[in-house]
Amino acid sequence: MSVSPSPTPEWLLPPDDANALAAGVWPASARRDDEGVLHIAGVSATQLRHRFGTPLYVVDEAEVRAHAQRTLAAFRSAVEPHGVQARVYYAGKAFLCSEVVRWVTAEGMALDVCSGGELALALAAGADPARLGFHGNNKSVVELENAVDVGVGSIVIDSWMELDRLTGIVQRGSRTQAVLVRVNSGVHAETHEFLATAHEDQKFGFTLDEAPDVVARIRETAGLFFVGLHCHIGSQIFGTAGFQESAARIVEVHAALLSGGDIPVLNLGGGFGIAYTSADDPTPIEALATGIVEAVARECELRSIPMPNLAFEPGRAIVGQAGVTLYEVGTTKAVEIGDGDRRLYVSVDGGMSDNARPALYGADFSARIASRVSDEPPALVRVVGKHCESGDIVVDADYLPGDVFAGDLLAVPATGAYCFSLASNYNYVPRPPVVAVHDGVARVIVRAVTIDDLLAHDAGLDAEPSTPGEGDRFETTEGAAG
Ligand SMILES: *Cc1c(COP(=O)(O)O)cnc(C)c1O
């Protein structure tokens, strides 16, 4: 994972060609032209640098749409033999902006949001409120009121307190709101393995044991309409075993709840993994869909209950592979790492501010020189950012042509999910714009946050600094101060 004690992680092998663009990691449109320059959706990386500067988030519209189509088709054909429907929500937190909302909803996806801000963006982009799901473990009263007011399709209830709040809101306004109940199946999956315990020690959802009481309360509550259980077991999951274990546990509870009324839906969340490096081998979405749906069908058959409609919430799997981040190399530095090994540190003009995943999760990425190809023998590199943290790593370990040098344009693939959405302005580093590429055309879909923008937030820099008035003074209780 992040900083490995050995110079290279076990999975990383010296490549035959350190210019090659690994299939399944890059957008399908990625290729090199006769000069060796990387193109995405027919747009050259050097032209992108010229027009928009670096760092730059590039997103391939056709790639996003293709994943949306493929994922929808996979779940629809998996449920088809069982005579039920599949609804697929795009988990907006992976990468949310108005264009992405338009692309995925045009392809037929519903949309998940998990804050008032994400909800506002989705509505501003024209999403149908009835096709929105609203998540989160600490939705405020204002957020809940607003969600009910605009008519979001479903609210996923995460706690007893939230249930109380929502009850108050629907009853005061004489409204009816469809709700799901988030349960914690005790299965937590990440990449290749999953952990199954009686209770998971994390903040989301109710335990399976609590679910019957929660659902009974909802069913007694005028204004709330229980549509089903919800569960999300983790992220970047490979294989179906974790989903199957979780589905078995949830269907058992779902079955018990049927004595109190129909339950139209079972929502099994997202978490489908993608390839970040050529060593990753994610399960194709068709196989995942079939594996999960068949597991639910078996569990339902075992209990002689009707199969519910199924809902899923992929985020990363829709946008991850569509994104490529372009950087310019600033400095390179060879560092002796013992036993005669050397690692070339390649510093780029962004870093943890535009891609927090390596620092946050020890996530792996890969890199290629985008402005040229080179026949130099590959060198072991670590791509690092320009921030004041030694953990400011973009690519922990990869091989690049040994002559990688200042001024080279570097491309990091598979940055479409959880990079823009986790971005910050640490060290007052500007936030890159997002440029969509499609059929040889590039256009900004999210503008940069510039240094001027950052300074404009600093009230102490106002042309006429405000002097404190009476309204700025807080009453202190006598004796409480100092
Ligand atoms: C994060 C999240 C998702 C999406 O996860 P991916 O790994 O991006 O597919 C789906 N549902 C819920 C409830 C989430 O919190």
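On a predicted model such as this, the values are computed, not experimentally measured, just so you know. (Residues numbered from 1 in each chain as written. Predicted model: local features only at pLDDT ≥ 70, side-chain atom pairs only at ≥ 80, totals over all residues. Heavy atoms only, no water.)

As for the overall build of the protein chain
Then, in step 1: Looking only at helices and strands, the protein chain has 12 helices and 24 strands in total.
Then, in step 2: Its C-alpha atoms give the protein chain a radius of gyration of 25 Å, near enough to 23 Å, the size a compact globule of 482 residues would have.
Then, in step 3: In terms of its C-alpha atoms, the protein chain occupies a principal-axis envelope of roughly 70 × 70 × 45 Å.
Then, in step 4: Residues classed as buried in the protein chain amount to 51% of the 482 residues present.
Then, in step 5: Taking all contacts inside the protein chain whose residues are at least 6 apart in sequence as the whole, residues at least 24 apart take part in 72%.
Then, in step 6: Of the roughly 21600 Å² that the protein chain leaves accessible, carbon and sulfur atoms contribute 51%.
Then, in step 7: Computed over 35 positive and 64 negative side-chain charges, the separation of the two mean positions in the protein chain equals 3 Å. (Helix = DSSP H or I, 4+ residues; strand = E, 2+ residues; numbered from the N terminus. Rg over C-alpha atoms; globule rule 2.2 N^0.38 Å. Buried < 20%, exposed > 50% of the residue type's maximum accessible area, 1.4 Å probe, protein only. Contact = heavy atoms within 4.5 Å. Areas by Shrake-Rupley, 256 points an atom, 1.4 Å probe, with all protein chains shown as cover. Lys, Arg positive; Asp, Glu negative; His and termini not counted. Charge placed at Lys NZ, Arg CZ, Asp CG, Glu CD.)

Digging into empty space enclosed by the protein
Empty space among the atoms becomes apparent when a probe as large as a water molecule is rolled across them.
Then, in step 1: Enumeration over the complete set of coordinates arrives at three cavities of 30 Å³ or more.
Then, in step 2: As a volume, the largest cavity reaches approximately 70 Å³.
Then, in step 3: Secondary-structure elements contributing two or more residues to the lining of the largest cavity are strand 4 (56-60) and strand 17 (323-336).
Then, in step 4: In terms of residues, the lining of the largest cavity owes the most to one element, strand 4, which gives three residues.
Then, in step 5: Its residues assigned to classes, the lining of the largest cavity shows seven nonpolar, three polar and no charged.
Then, in step 6: Taken as a whole, the second largest cavity encloses approximately 40 Å³ of empty space.
Then, in step 7: Lining the second largest cavity are C231, I233, F243, S246, A247, L268 and I292.
Then, in step 8: Among the elements that take part in the lining of the second largest cavity, helix 8 (residues 241-257) stands out by supplying three residues, more than any other. (1 Å grid on protein atoms, 1.4 Å probe; cavity = no way out; pocket = protein on both sides within 12 Å on 5 of 7 lines; lining within 4 Å. Points joined across faces, edges and corners; volume = space filled by probe spheres on them. Nonpolar A, V, L, I, M, F, W, Y, C, P; charged D, E, K, R; others polar.)

Quick notes on the domain arrangement of the protein chain
Where interface size is quoted, it is often the accessible area lost as the parts come together.
Then, in step 1: Domain assignment breaks the protein chain into domain 1 (31-60 + 321-456) and domain 2 (110-317).
Then, in step 2: Computed from C-alpha coordinates alone, the two centres of domain 1 and domain 2 are separated by 35 Å.
Then, in step 3: Taken together, the contact pairs eight residues of domain 1 with five residues of domain 2.
Then, in step 4: Summing both sides of the interface, domain 1 and domain 2 together bury roughly 620 Å²; the carbon and sulfur share of this comes to 57%.
Then, in step 5: Area buried by domain 1 at its contact with domain 2 is led by R357, A414 and Y418, which between them contribute 49% of it.
Then, in step 6: Between the two partners, domain 1 and domain 2, sit zero salt bridges.
Then, in step 7: Counting every contact that joins domain 1 to domain 2 gives zero residue pairs in polar contact (both at pLDDT 80 or more). (Domains from an automatic or database assignment. Buried area = accessible area lost by both parts, 1.4 Å probe. Salt bridge = Lys/Arg side-chain N within 4 Å of Asp/Glu carboxyl O. Polar contact = N/O pair within 3.5 Å; in protein donor to acceptor, adjacent residues only side chain to side chain.)

Re the packing of helix 6 (residues 160-172) against helix 7 (residues 211-220)
Then, in step 1: Contact pair helix 6 / helix 7: the axes reach a minimum separation of 12 Å and the direction vectors enclose 5°. The orientation of helix 6 relative to helix 7 falls into the category roughly parallel. Residues W160, L163 and D164 of helix 6 touch helix 7, and the partners they reach there are D213, V214, R217 and I218.
Then, in step 2: Partitioning the contact of helix 6 with helix 7 into residue classes produces four nonpolar, no polar and three charged. (Axes fitted to C-alpha atoms, helices over the stretch in contact; angles between N-to-C directions. Parallel < 35°, antiparallel > 145°, perpendicular 65-115°, else oblique.)

Points about the site of the ligand
Then, in step 1: Near the ligand lie 15 residues; those nearest to it are K93, S235, E313, R316 and Y418.
Then, in step 2: Here an oxygen atom of the ligand sits 2.6 Å away from a polar atom, N or O, in the side chain of K93.
Then, in step 3: At a separation of 2.4 Å, an oxygen atom of the ligand approaches a polar side-chain atom of S235.
Then, in step 4: Notes on the ligand: free accessible area 390 Å², of which the protein chains cover 92%. (Near = heavy atom within 4 Å.)

Quick notes on the packing of aromatic side chains
Then, in step 1: This structure, assessed with the given rule, holds seven aromatic pairs.
Then, in step 2: Taking 5.7 Å as the distance between ring centres and 40° as the angle between the ring planes, the aromatic pair formed by F75 and F272 counts as tilted. Taken together, the residues span a long stretch of sequence, with F75 in helix 2 (residues 61-79) and F272 in the loop between strand 15 (265-267) and helix 9 (285-302) at a distance of 197 residues. In this pair, the class of F75 matches that of F272, namely buried.
Then, in step 3: Ring centres of W160 and F206 lie 5.9 Å apart, and the angle between their planes is 85°; this geometry places the pair in the edge-to-face category. (Phe/Tyr/Trp six-rings, centres within 6.5 Å; stacked < 30°, edge-to-face > 60°.)

What to know about the sheet that holds strand 2 (residues 38-40)
Then, in step 1: As summarised here, the arrangement of the three strands in space is 1-2-3, forming an open sheet in which the pairing is antiparallel. What marks the edges here is a single partner per strand, and that holds for strand 1 (31-32) and strand 3 (43-44).
Then, in step 2: As judged from the two bridges shared by strand 2 and strand 3, these two strands associate in the antiparallel manner. Residue pairing in the sheet places I40 in a bridge with V43 of strand 3. (Pairing = 2+ DSSP bridges.)

Structural notes on the layout of surface pockets
Then, in step 1: When its volume is computed, the second largest pocket comes out at roughly 400 Å³.
Then, in step 2: Lining of the second largest pocket is provided by 26 residues; of these, R87, Y89, V265, L310 and A311 occupy positions nearest its centre.
Then, in step 3: Of all the secondary-structure elements, those providing two or more residues to the lining of the second largest pocket are strand 5 (86-91), strand 7 (132-134), strand 8 (154-157), strand 9 (177-184), strand 15 and strand 16 (309-312).
Then, in step 4: Sort the elements by how many residues they give to the lining of the second largest pocket and strand 5 lands first, with four residues.

A word on the environment of H230
Then, in step 1: Its location among the elements puts H230 in strand 13 (residues 224-230).
Then, in step 2: Looking at H230, the relative accessible area reads 0%, which means it is buried.
Then, in step 3: Along the backbone, H230 and L180 are 50 residues apart, and their C-alpha atoms lie at a distance of 6.1 Å.
Then, in step 4: When neighbours within four sequence positions are excluded, H230 is seen to be in contact with H135, V156, L180, V181, R182, V183, N267, G269 and E313.

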